[in-house]
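This is what each chain is made of:
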Amino acid sequence: MSEEEIEITEIVNRETRAWDTSDVNLLISVFHPDMVWPWPRTDQSHDPMDWIMPMGRFNRERWCRSWQELFDNHTLVHNHRVIRKIVVSEEKDGAFAVVDIDTLWVDSNKVENHWKGRVCKVYSKTGQEWKMTMHTGVLTY
């Protein structure tokens, strides 16, 4: 692996650790200030015409509150993630990772929130570190 691929692997793994440990500050550390996160309505909504933007552009306070609410009100049953592909731009300042995820949360009423499928995580090199600028919601292919 190239140095850039190793760095992208680290940031994907850091995000995974954040979910595993319900660490909102670790999770927030991967996001670029211009991060956006479109979500498909279902895991079969491959056409972006059916996608939504539930959280808007990254806002530290709002995103911390939203993710902390998830952590406070759900138990993580499992979180399996496999990096399938990393692509780095020729200029070595942009990259994306294709990751298969199977993350299951359950709330106090035993209602499941299951994220299962494939995502694309998009990164930009900012100074000396990579930051996530965009992330697709989970889709099943």
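Structure first, text after, so check above.
Draft legend 1. Region of interest: the overall build of the chain. What the chain contains, in helices and strands, is three helices and seven strands. Mapped in sequence order, the helices and strands of the chain form the string α-α-β-β-β-α-β-β-β-β. For the chain, whose C-alpha radius of gyration is 15 Å, the value lies close to the compact-globule estimate of 14 Å for 141 residues. Taken along the three principal axes of its C-alpha coordinates, the chain extends 50 × 30 × 25 Å. Across the 141 residues of the chain, 40% fall into the buried class. Counted over contacts in the chain with a minimum sequence separation of 6, partners at least 24 positions apart contribute 55%. Carbon and sulfur atoms provide 51% of the accessible area of the chain, an area that totals close to 7900 Å². For the chain, the separation between the mean place of its 17 positive charges and that of its 23 negative charges on side chains is 1 Å.

Draft legend 2. Just the sheet that holds strand S5 (residues 94–107), in detail. Pairing within the open sheet is mixed, and its five strands lie in the order S1-S7-S6-S5-S4. Strand pairing shows two members of the sheet lacking a second neighbour, strand S1 (31–36) and strand S4 (74–88), which therefore form its edges. Geometrically, the sheet is characterised by an average inter-axis angle of 25 degrees between neighbouring strands, direction not taken into account. Here 13 bridges tie S5 to strand S6 (residues 112–126), and the two strands are oriented antiparallel to one another. Note that in S6 the partner of Val 98 across the bridge is Cys 120. Most of the contacts of helix H1 (residues 3–21) go to S4, to which it runs at about 170 degrees, and overall it touches S4, S5, S6 and strand S7 (129–135).

Calculation rules
- Residues numbered from 1 in each chain as written.
- Predicted model: local features only at pLDDT ≥ 70, side-chain atom pairs only at ≥ 80, totals over all residues.
- Heavy atoms only, no water.
- Helix = DSSP H or I, 4+ residues; strand = E, 2+ residues; numbered from the N terminus.
- Rg over C-alpha atoms; globule rule 2.2 N^0.38 Å.
- Buried < 20%, exposed > 50% of the residue type's maximum accessible area, 1.4 Å probe, protein only.
- Contact = heavy atoms within 4.5 Å.
- Areas by Shrake-Rupley, 256 points an atom, 1.4 Å probe, with all protein chains shown as cover.
- Lys, Arg positive; Asp, Glu negative; His and termini not counted.
- Charge placed at Lys NZ, Arg CZ, Asp CG, Glu CD.
- Pairing = 2+ DSSP bridges.
- Axes fitted to C-alpha atoms, helices over the stretch in contact; angles between N-to-C directions.

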